[in-house]
Amino acid sequence: MKRFLLLMLAVPLLGGGCSDDKTEDPGTTPPATTPAGTKEDPLLVGNLDGIDGKSEVWIKGYIVGAEAAVTTMSVGSDTPSRSNILLASKANEYRPEKCVRVELPEGSEIQACLNVVDHPELIGRKVLIHADIVAEGGSVRIANITEQEGGGKPVENPGPDPEPDPDPDVPTPPVTGNVELDKLYGYAEGTTGGAAATEANIHHFNDGNKFCEWLKLREKNKSEVPAIVWLSGKFTKENGRDNGSPWFDIKDTKNITVCGTDDFRMENIGFFLKRASNIVIRNIYIKMPKADNGADGISMQETEKVWVDHCTFESMNQTKDYEDGSCDVTHQSCNVTVSWCHFIKTQKSCLVGHSNSQTADSKITVTFHHNFFDLSSSRHPRVRFGRAHVYNNYFNQVTTYGVGSAYGAMVLVEDNCFEGVKLPTDICTFPAKPSGSSWVSNLQGSEAGYLYERGNVFNNIPADITSPYPFTNVEYKAYNGAKLATPYTYEDFKPAYGYIVDDAERLAEIIPSAAGVGKLTGYATAPKEVDNGGISGGGTDPDPGTDPDPTPGGSDLGNGWTLLSNGTTPATAVCNGSRLTLTACGKFESSTQSFGFVYREITGDFVATAQVDSFSALKETNQALAGLLVTPDVTTASGGDFIHAMAARSLTGFYYSNRSEAAGKGNKGALGAPDATTEGAKPIVRLVRAGDKFSVSYSLDGGATFGAEKSVTISGLPEDGKLLLGLAANSGDSKKTSEAVFSDVKINGQSVAFE
């Protein structure tokens, strides 16, 4: 379902905003390069910052909407126009300020091929355009198109443009239809689990100890091999981690689907997902573990792309603190969907966001839809900092509160059914918990959560409720305190993905008959005989997952970039146009190095710069660095012969690190401060190659002035001239991770993108 967002037409430049390096170093002037803009090397929409205007160049981007009127534009296809389209650097962009307006020549075949009135299917499609880039008043637009690729076929006799929405503040509800029982919706869209598994990687376990051993081997080998596992029988706490801890660990691995047969049960044990990705958990019945060792039914930390579907969580005690979370999403986990699950008398159903101080949980994104909260108590979900979309759920007489928002969370609650619920929504701000209130609620704290409510049905409302009902918050910063300068609207809460909803009036009929274990076809028995993963006792049997054809030197991120994880904990990289978020652990030392590295091949002399937006090193040390690094060979990174040159920042300072020969000792030290600084400017690190000489420095005024260089000569470089250049980071600790955020990366003055 496509949505729209109305905005004044002044479209700002995309991307970072730091100027090109204007300082020339004698003897290190980079060679002239052919500017991007050809059909083979088109300019990217996300990298048009600093463009003063270009004529007859090729530009690549995704169509995400169209101008709705002369002074407004829309992202989506609800109020499109034939006169213009909007291009962005990603297919699901919904923020107008990240889009560039493209003028379609009136009455031309190009207009007939590219307008989204006649071709709504173009929304989200990549196109190439040969046109002019026009810079005006700090903004850019694209005009005078002469060629295009990727559009549709011309439509004869088009009708008039539709009228724009007369009131952009009125929410456009999702389409009501028949939601498919077996389809993935929400933030986890694109999650496939082990769908690509070969027959050799499909297993059936009826022994919990062997299942635990299989998971340990996946973790040990950091396996990404797609696998599907079926579980039958009964697994208990005695099968878990360390032969008695109530966890099955799914750690440091990817691409797994876990399915239970209809009669499978887990009692007093749950799943712990950490640093995992692309995981599907379906048709699992969990009788809730006691809250020892922090046990939950399903817990996610530092995990992404997870679909939990048609599971049942049943409280074994119905005592508030006997059990903890049923399905918790914390510690920056993102792109999660929890759907068609049955929560039976659970006490702390779904925690989203770990604690009041865990501000990094603002990264969390999670969808809850078509879940049956059946006589459960609280947290349906309770959200801190992150974004949650709660739609089409059935809340049957929940005893404490339904959906809770606190500490800056953005929660959209729409088209649900609340049956006999006294407190359907709770918010950690005015007007919740009025003075003297005896309401039962857990949401205490000093900072507001935000919650937008629409389209919900409230049946059998208890007589002792207090007005307003339900509680919402789109404007208060703190409990009974200051207000936002501009209240939030529906547009601020809605997700970028499309979805359909069932009629909220029918949810009491639809959901109990379809949620939880035993409601999907094909799960009565496993499709494979029991093999317990080939494990026959001590866990020494064949490795259950090593990539048959791994990418040499790391994992392919696309667009020419590769991620290398050099250390005991895998590094992760999140690419977003010209922005890279790199999470890694380890140290830079004179004898050994461990770090995360996102790199690409480069030949010849170069000048590379990168802005370091943020770096959360664990402590101030020149062993914890984030910056530009070049090396001829990543295969030696784990030893003492790692030849490299690096310009980087630590938690507060700026350093160089290098090794010039395999038998030599590595060097590192402080870089000289630049003469000029600009308040608020992000630091920019620079790395220059001129033959065998590599020089590093940094700037604190947007790249206009750099400090004194530190240089090293590296001899014996590859005969083909190829080196590996990119962004590296670590934490200063061999096990704990830190996060570095880079943007505005340029090579020889040309902006480069990560996707």
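Calculation notes
- Residues numbered from 1 in each chain as written.
- Predicted model: local features only at pLDDT ≥ 70, side-chain atom pairs only at ≥ 80, totals over all residues.
- Heavy atoms only, no water.
- Helix = DSSP H or I, 4+ residues; strand = E, 2+ residues; numbered from the N terminus.
- Buried < 20%, exposed > 50% of the residue type's maximum accessible area, 1.4 Å probe, protein only.
- Contact = heavy atoms within 4.5 Å.
- Areas by Shrake-Rupley, 256 points an atom, 1.4 Å probe, with all protein chains shown as cover.
- Salt bridge = Lys/Arg side-chain N within 4 Å of Asp/Glu carboxyl O.
- Core = buried A, V, L, I, M, F, W, Y, C linked by side-chain atoms within 4.5 Å.
- 1 Å grid on protein atoms, 1.4 Å probe; cavity = no way out; pocket = protein on both sides within 12 Å on 5 of 7 lines; lining within 4 Å.
- Points joined across faces, edges and corners; volume = space filled by probe spheres on them.
- Nonpolar A, V, L, I, M, F, W, Y, C, P; charged D, E, K, R; others polar.
- Phe/Tyr/Trp six-rings, centres within 6.5 Å; stacked < 30°, edge-to-face > 60°.
- Pairing = 2+ DSSP bridges.
- Axes fitted to C-alpha atoms, helices over the stretch in contact; angles between N-to-C directions.
- pLDDT = per-residue confidence, 0-100.
- Expected span 1.5 Å × (residues − 1).
- Polar contact = N/O pair within 3.5 Å; in protein donor to acceptor, adjacent residues only side chain to side chain.
- Disulfide = S-S within 2.5 Å.

Break down the overall build of the protein for me, citing the residues and quoting the values.
Along the protein, the regular secondary structure elements total four helices and 52 strands. Taking all 755 residues of the protein together, 54% fall into the buried category. Counted over contacts in the protein with a minimum sequence separation of 6, partners at least 24 positions apart contribute 70%. Here the protein has roughly 29,600 Å² of accessible surface; of this, 47% comes from carbon and sulfur atoms.

Please provide a residue-by-residue account of the side chain of Asn532, values included.
Considering the arrangement of structural elements, one finds Asn532 in the loop between helix H4 (507-510) and strand E37 (555-558). Asn532 sits in the buried class, given a relative accessible area of 8%. Ignoring any residue separated from it by four or fewer positions in sequence, one finds Asn532 in contact with His204, Phe205, Asn206, Asp207 and Lys210.

Just give me the short version of the pattern of salt bridges, but keep the residues and values in it.
Applying the stated rule across the entire model yields 26 salt bridges. The partner of Glu224 in a salt bridge is Lys254, with the nearest N and O atoms 3.7 Å apart. Of this pair, Glu224 sits in the loop between helix H2 (208-221) and strand E10 (227-231) while Lys254 sits in strand E13 (residues 254-260), placing them 30 residues apart in sequence. Of the residues examined, Glu224 reaches a relative accessible area of 26% and is grouped as partly exposed. The class of Lys254 is partly exposed, set by a relative accessible area of 32%.

Got a sec to walk through the nonpolar core? Specific residues and values, please.
Most often, soluble globular proteins have nonpolar side chains that are buried together. The biggest cluster of nonpolar side chains holds 61 residues, and the ones touching the most others in it are Phe211, Phe271, Ile284, Ile298, Val308 and Phe313. Here this core gets five residues from one element, more than from any other, and that element is H2. Contact partners of Ile284, with chain neighbours within four places excluded, come to Leu231, Val258, Cys259, Gly260, Phe264, Met266, Phe271, His310, Cys311, Thr312 and Val517. Membership of the second largest hydrophobic core comes to 44 residues, among which are Leu582, Phe615, Ala647 and Leu671.

So, empty space enclosed by the protein: which residues are in play, and what are the values?
Under the counting rule described, the total for this entry stands at four cavities of 30 Å³ or more. Space inside the second largest cavity adds up to approximately 40 Å³. Along its surface, the second largest cavity is lined by Ala645, Met646, Tyr656, Ser657, Asn658, Phe694, Ser695, Val696, Lys710, Ser711 and Val712. Those elements giving two or more residues to the lining of the second largest cavity turn out to be strand E44 (644-649), strand E45 (654-659), strand E48 (693-699) and strand E49 (710-713). Partitioning the lining of the second largest cavity into residue classes produces six nonpolar, four polar and one charged.

Quick rundown of the packing of aromatic side chains? Include the residues and the values.
The full count for this structure, using the stated rule, is 27 aromatic pairs. Pairing Phe235 with Phe264 gives two aromatic rings, centres 4.9 Å apart and planes at 80°, and the pair type is edge-to-face. Taken as a pair, Phe235 in strand E11 (residues 234-236) and Phe264 in the loop between E13 and strand E14 (265-267) lie far apart in primary sequence, 29 residues in all. Each member of the pair, Phe235 together with Phe264, is buried.

Break down the sheet that holds E10 for me, with residues and values.
On the basis of which strands lie adjacent, the open sheet formed by 10 strands has the order E9-E10-E13-E16-E19-E22-E25-E28-E31-E34 and parallel pairing. Either end of the sheet is taken by a strand with one partner, and the two such strands are strand E9 (202-205) and strand E34 (450-454). For this sheet, the mean inter-axis angle between neighbouring strands, taken without regard to orientation, is 10°. Relative to E13, E10 is paired through five bridges, and the arrangement is parallel.

Talk me through the confidence of the model for the protein; I want residue IDs and the actual numbers.
Looking at the protein as a whole, its pLDDT mean stands at 82, while 82% of the residues score no less than 70. Contacts from residues 538-552, a stretch scored under 50 in pLDDT, to residues over four places away or in other chains number 26 contacts.

Now, about the environment of Thr592: what can you tell me, with residues and values included?
Examined against the element boundaries, Thr592 turns out to sit in the loop between strand E40 (579-586) and strand E41 (595-603). You can call Thr592 partly exposed: its relative accessible area is 31%. Once the C-alpha coordinates of Thr592 and Asp641 are considered, the two residues, 49 residues apart in sequence, prove to be 8.0 Å apart.

How would you explain H2 if you had to name every residue and give the values?
The terminal C-alpha atoms of H2, which comprises 14 residues, lie 20 Å apart, in line with the 20 Å expected from a rise of 1.5 Å per residue. Three or more residues of H2 are buried, namely Gly208, Phe211, Cys212, Trp214, Leu215, Leu217 and Arg218. At its buried positions, H2 is contacted by E9, E10, E11, strand E12 (247-251), E13 and strand E15 (270-274). The N-cap of H2, judged by a side-chain oxygen 2.9 Å from the amide nitrogen of Asn209 a few residues on, is Asp207. The positive-phi residue at the C-terminal boundary of H2 is Lys222, with phi of around 50°.

I'd love a proper account of the state of the cysteines, names of residues and values included.
Cysteine pairs can be covalently joined through their sulfur atoms, and such a bond is termed a disulfide. This model, assessed by the stated rule, comprises zero disulfides. In this structure Cys327 is not part of a disulfide, and its nearest cysteine sulfur, from Cys350, lies 5.4 Å away.

Mind laying out the pairing of strand E25 (residues 365-369), listing which residues take part and the relevant values?
The element E25 is largely enclosed, with a buried count of five among its five residues. Burial along E25 is two-sided: Thr365, Thr367 and His369 facing one way and Val366 and Phe368 facing the other are all buried. The sheet contact formed by strand E22 (residues 334-339) and E25 spans four bridges and is parallel. Among the inter-strand pairings, Ser339 is bridged to a residue of E25, identified as His369. As paired strands, E25 and strand E28 (residues 387-391) are joined by five bridges and run parallel to one another.

Go over the sheet that holds strand E32 (residues 417-419), please, and point to the residues and values.
Within the open sheet, the nine strands sit side by side as E11-E14-E17-E20-E23-E26-E29-E32-E35. Their pairing is parallel. Each of the sheet's edge strands pairs with one partner strand only, and the pair in question is E11 and strand E35 (457-459). Within the sheet, the average angular offset between the axes of one strand and its neighbour, ignoring direction, is 10°. Bridge count for strand E20 (residues 312-314) against strand E23 (residues 342-344) is three bridges, and the pairing is parallel. Within E23, the position partnered with Glu314 by the bridge is Ile344.

So, unusual backbone geometry: which residues are in play, and what are the values?
A cis amide bond links His380 with the next residue in sequence, Pro381, at an omega value of 0°. Omega for the bond connecting Tyr469 with Pro470 falls within 30 degrees of zero, at -5°, which places this linkage in the cis form. Within the secondary structure layout, Pro470 lies in the loop between E35 and helix H3 (490-493). Located in the positive-phi region is Asp242, a residue other than glycine, with phi close to 60°. When you line up the elements, Asp242 lands in the loop between E11 and E12. The exposure class of Asp242 is exposed, given its relative accessible area of 62%. The backbone of Leu375 sits at a positive phi, close to 60°, despite the residue not being glycine. Mapped onto the elements, Leu375 comes out in the loop between strand E26 (372-374) and strand E27 (382-384). Assessed through its relative accessible area of 36%, Leu375 is described here as partly exposed.

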